[in-house]
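Analysis of the macromolecular model
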Amino acid sequence: MGKNKKSQATMQDMVCKKNDILTMEIIDLSTKGEGVGRVDGYTLFVKDAVIGDVVRVLVMKTKKHFGYAKLLEIVTPSKDRIEPKCPVARQCGGCQLQHYSYESQIRWKENKVYHCLSRIGGFSEVPMEPILYMDSPYYYRNKAQFPVGTGKEGQIITGFYAGRTHSIVENTNCVIQHPCNEKISKAVLEFMEEYHISAYDEKEHTGLVRHILTRVGVKTGEVMVCLVINGTKLPFTDALVEKLLGLPLQGMEAKKGNVAENESDAANGNGAKNEQATVSALKIESICLNENTDKTNVILGQNISVLYGRDYIEDYIGNIKYQISPLSFFQVNPKQTERLYETALEYADLKGGEVVWDLYCGIGTISLFLAQKAAKVCGVEIVPQAIEDARKNAALNHFDNTEFFVGAAEEVVPEQYEKSNGTLKADVVTIDPPRKGCDERLLETVVQMQPSKIVYVSCDPATLARDARYLCDRGYELKRVRACDMFGQSYHVESVVLLTKKG
Ligand code: SAH
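Residues numbered from 1 in each chain as written. Predicted model: local features only at pLDDT ≥ 70, side-chain atom pairs only at ≥ 80, totals over all residues. Heavy atoms only, no water.

As for the pattern of salt bridges
One pass over the full model with this rule turns up 27 salt bridges. Asp-439 serves as the salt-bridge partner of Arg-441, at 3.8 Å between the closest nitrogen and oxygen. For Arg-441, a relative accessible area of 43% translates into the label partly exposed. Note that Glu-477 and Lys-479 form a salt bridge whose closest N and O atoms lie 4.0 Å from each other. (Salt bridge = Lys/Arg side-chain N within 4 Å of Asp/Glu carboxyl O. Buried < 20%, exposed > 50% of the residue type's maximum accessible area, 1.4 Å probe, protein only.)

What follows is the structure, given as structure tokens:
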């Protein structure tokens with residue numbers, strides 16, 4: 001075997017080795033959005049290169065079947081290459097595809113879902129519907145967490161982490177964040193300079209301000225600013241509050257296209273309704289502190305104190321209102337979330353009398369969406385805090401037909417099924433798991449519950465394909481598939497599929 005390994009290594013060295021400089025064409029993108037090129041059948045991954053580019057690269061690392069190379073020069077740009085809007089797009093770890101036209105990004109994402117279902121899932125027919133794309137793939141995020149640090153000249157800086165590291169790429173104008181972030185982060189830096197408040201030093205575990213967290217209720221206009229501090233007190237908080245409240249945020253409401261509006265939804269082949277919530281002027285409704293004195297990568301601690309207003313803001317997805325605290329999970333692109341969940345609702349095609357189980361329910365976003373049209377919705381989620389939020393949100397919106405269970409779906413659902421002696425039934429099951437998809441024990445019980453429809457929302461098409469195959473080998477049929485772009489400029493893609501019970 002050792003001999004074999006050696007001969008393979010030699011073959012790979014013959015094609016290319018570390019420090020070689022090569023010119024090649026990029027023919028594909030990896031699942032993480034890196035350009036893929038081939039040299040005599042050997043695969044090289046090149047960050048920041050896109051399909052159609054001819055590039056000169058420096059080989060950095062070689063493995064048996066593939067290697068990594070650094071982009072030195074774009075010899076001939078792809079017809080789909082564009083100039084990134086953000087000057088630090090390449091250094092920053094946030095976006096991977098800003099140099100690829102949005103049209104190309106969404107075609108690539110749609111294909112990714114299609115190929116996973118056909119190759120991994122083995123579906124010969126994949127009933128794809130057009131991808132739900134963003135009307136504007138910029139300034140869409142409603143939550144930012146800016147790390148604060150000290151720059152080379154001793155000045156206080158903020159920005160985002162470079163890919164795979166914790167060094168801060170200085171930037172206050174992130175083009176995927178809500179536009180009000182720039183004013184807020186600059187104001188906090190000015191306040192810190194003016195009052196000599198130190199930035200946190202991760203290595204030494206010294207200094208005070210660790211992160212600036214902002215959240216925006218895109219429909220309500222409510223803004224939250226939360227400073228994460230390595231301590232229990234921040235001096236001169238009155239001055240901070242005064243400075244933040246004095247910021248001119250008028251006119252920075254969500255740009256057209258970043259909040260669901262009926263006309264643009266129609267153009268995007270989507271019928272999302274948005275009667276109740278209209279876009280309101282921006283107003284800071286919450287300024288708070290979060291204590292995090294641990295030496296950890298985790299951004300937030302558990303203690304929150306209010307400096308101004310409330311410790312939460314409110315926003316809507318569809319017509320459902322949510323209270324969002326600094327610690328709550330909330331989807332970062334509410335407009336696309338609304339479109340995705342509207343599609344899930346359409347796929348569920350509820351008539352009013354159904355019992356629905358919403359698995360991996362988080363704060364109950366899908367549960368409450370479906371509770372508008374179902375007899376009863378049961379949600380299951382592993383994080384107790386998220387279930388607390390789900391119950392609170394159900395009460396806030398006056399739903400009395402929901403029930404929430406805390407625990408791993410693969411434990412709670414089989415337990416409930418056994419407890420009922422096999423009588424537990426669901427008309428519709430919705431599943432929205434994390435990237436690793438579902439545990440087989442859960443899928444097995446879902447099949448036993450015999451729902452007529454399974455609506456599977458997924459953030460990883462590969463595990464979706466695996467789980468859909470499992471279900472389709474046990475009596476279900478893949479009926480509808482739709483990809484949704486929630487994270488423009490990144491390699492992530494969401495999708496929703498409908499599986500129906502055969503016969
Ligand atoms: N639909 C939800 C988000 C789903 S994200 C919403 O809109 O709020 C996936 C969720 O699965 C997360 O909330 C995560 O905490 C939860 N989760 C992860 N593993 C789980 C498990 N084994 N059982 C139940 N929930 C789980």
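As for the environment of Asp-400
Assignment of secondary structure puts Asp-400 in the loop between α8 (384–396) and β18 (402–406). The exposure class assigned to Asp-400 is exposed, which follows from its relative accessible area of 75%. It is 44 Å that separates the C-alpha atoms of Asp-400 and Gly-33, two residues lying 367 residues apart in sequence. (Helix = DSSP H or I, 4+ residues; strand = E, 2+ residues; numbered from the N terminus.)

Looking at the pairing of strand β14 (residues 313–317)
Within β14, 5 of the 5 residues are buried, leaving the element largely enclosed by the surrounding structure. Because side chains alternate across β14, one face comprises the buried residues Ile-313, Asp-315 and Ile-317, and the other comprises Glu-314 and Tyr-316, equally buried. In the sheet, β14 pairs with strand β15 (residues 320–324) via 5 bridges, with the strands oriented antiparallel. From the neighbouring strand, Ile-313 faces β15, where its bridge partner is Ile-324. If you look at the hairpin formed by β14 and β15, you'll find 2 residues sitting between the two strands, and Gly-318 has a positive phi there, around 65°. (Pairing = 2+ DSSP bridges.)

Observations regarding the site of the ligand
Neighbouring residues of the ligand: 18 residues in total, closest Tyr-341, Thr-365, Glu-381, Ala-409 and Asp-432. Residue Glu-381 places a side-chain N or O atom 2.7 Å away from an oxygen atom belonging to the ligand. Within the side chain of Asp-432, one N or O atom sits 2.7 Å away from a nitrogen atom of the ligand. Within the complex, 84% of the 580 Å² of free accessible area of the ligand lies under protein. Within the shell around the ligand, the residues separate by chemical class into 11 nonpolar, 4 polar and 3 charged. (Near = heavy atom within 4 Å. Polar contact = N/O pair within 3.5 Å; in protein donor to acceptor, adjacent residues only side chain to side chain. Areas by Shrake-Rupley, 256 points an atom, 1.4 Å probe, with all protein chains shown as cover. Nonpolar A, V, L, I, M, F, W, Y, C, P; charged D, E, K, R; others polar.)

Some words on the sheet that holds strand β17 (residues 376–381)
Spatial ordering of the open sheet is given by β6-β21-β22-β20-β19-β16-β17-β18, a layout of 8 strands whose pairing is mixed. The open sheet has two free edges, formed respectively by β6 (128–132) and β18, since each of these has just one partner strand. Neighbour-to-neighbour, the strand axes of this sheet turn through a mean angle of 15°, independent of strand direction. Contacts from helix α2 (residues 102–120) reach β6, β21 (476–484) and β22 (494–501) within the one sheet, and its direction differs from that of β6 by about 145°. (Axes fitted to C-alpha atoms, helices over the stretch in contact; angles between N-to-C directions. Contact = heavy atoms within 4.5 Å.)

Remarks on the packing of aromatic side chains
Enumeration over the complete set of coordinates arrives at 9 aromatic pairs. The interplanar angle of 45° and the centroid separation of 5.0 Å between the aromatic rings of Phe-146 and Phe-160 together place this pair among those described as tilted. Of this pair, Phe-146 sits in strand β7 (residues 143–150) while Phe-160 sits in strand β8 (residues 156–161); the two residues are 14 residues apart in sequence, bridging distant segments of the chain. With respect to class, Phe-146 is no different from Phe-160; both count as buried. What links up through ring pairs into an aromatic cluster is the set Phe-45, Phe-66 and Tyr-68. Sitting over the face of the ring of Tyr-138, Lys-85 holds its NZ or CZ atom 4.7 Å from the ring centroid. Positioned above the aromatic ring of Tyr-200 is the side chain of Arg-210, whose terminal nitrogen or guanidinium carbon lies 4.2 Å from the ring centre. (Phe/Tyr/Trp six-rings, centres within 6.5 Å; stacked < 30°, edge-to-face > 60°. Lys NZ or Arg CZ within 6 Å of the ring centre and 35° of its normal.)

Observations regarding helix α10 (residues 440–449)
Since the α-helix packs 3.6 residues into each turn, any two residues three or four apart lie on the same face. Of the residues making up α10, those classed as buried are Leu-442, Leu-443, Thr-445, Val-446, Val-447 and Met-449. Where α10 is buried, its residues contact β16 (355–359), α9 (409–419), β19 (428–431), β20 (453–458) and α11 (461–472). Measuring from the side-chain oxygen of the N-cap residue of α10 to the backbone nitrogen of Arg-441 gives 2.9 Å; that N-cap residue is Asp-439. Backbone geometry just downstream of α10 places Gln-450 in the positive-phi region, at approximately 50°.

Observations concerning the sheet that holds strand β3 (residues 42–46)
For sheets, the rule is that strands pair by backbone hydrogen bonds, running either parallel or antiparallel. The strand order around the closed barrel formed by 5 strands is β1-β2-β3-β5-β4, and the pairing between neighbours is mixed. Strand-to-strand, the axes of this sheet are offset by a mean angle of 50°, without reference to chain direction. By the bridge criterion, 5 bridges tie strand β1 (residues 21–29) to strand β4 (residues 54–62) in an arrangement that is antiparallel. When the bridges of β4 are listed, Glu-25 appears paired with Val-54.

Description of the side chain of Gln-331
With respect to the helices and strands, Gln-331 occurs in the loop between β15 and α6 (334–348). The exposure class of Gln-331 is buried, given its relative accessible area of 13%. A polar contact is formed between the side chain of Gln-331 and the side chain of Tyr-341, at a distance of 2.9 Å. For Gln-331, the residues in contact, after removing those within four places along its chain, are Asn-142, Thr-337, Tyr-341 and Met-486.

Structural notes on the confidence of the model for the chain
Per-residue confidence for the chain averages 91 on the pLDDT scale, and 92% of its residues sit at or above 70. Here residues 256–267 is modelled with pLDDT under 50, and outside its nearest four sequence neighbours on either side it reaches 32 contacts, counting other chains as well. A low-confidence stretch, residues 269–278 stays under pLDDT 50, and its non-local contacts, those more than four residues away or across chains, total 25 contacts. (pLDDT = per-residue confidence, 0-100.)

Some details on the environment of Leu-471
Checked against the element boundaries, Leu-471 lands in helix α11. Take Leu-471: its relative accessible area is 0%, and that puts it in the buried class. In sequence terms Leu-471 and Glu-110 are 361 residues apart; their C-alpha atoms lie 22 Å from each other. Not counting chain neighbours up to four residues away, the residues in contact with Leu-471 comprise Leu-443, Val-447, Ile-454, Tyr-476 and Leu-499.

So, α8
With 13 residues, α8 extends 18 Å from end C-alpha to end C-alpha; this agrees with the ideal 18 Å at 1.5 Å per step. Those residues of α8 that are buried lie in contact with β15, α7 (365–371), β17 and β18. Where α8 terminates, the next one or two residues include His-398, which has phi positive at roughly 60°. (Expected span 1.5 Å × (residues − 1).)

Re the pairing of β3
In terms of residue burial, β3 counts as a mostly covered element, since 5 of its 5 residues are buried. Burial of the side chains of β3 extends over both faces: Tyr-42, Leu-44 and Val-46 are buried on one face and Thr-43 and Phe-45 on the other. Judged from the 5 bridges that link them, strand β2 (residues 35–39) and β3 form a sheet pairing that is antiparallel. By the bridge assignment for β3, Gly-35 is matched with Val-46. One ladder, built from 4 bridges, connects β3 with strand β5 (residues 66–76); its direction is parallel. Among the inter-strand pairings, Phe-45 is bridged to a residue of β5, identified as Tyr-68.

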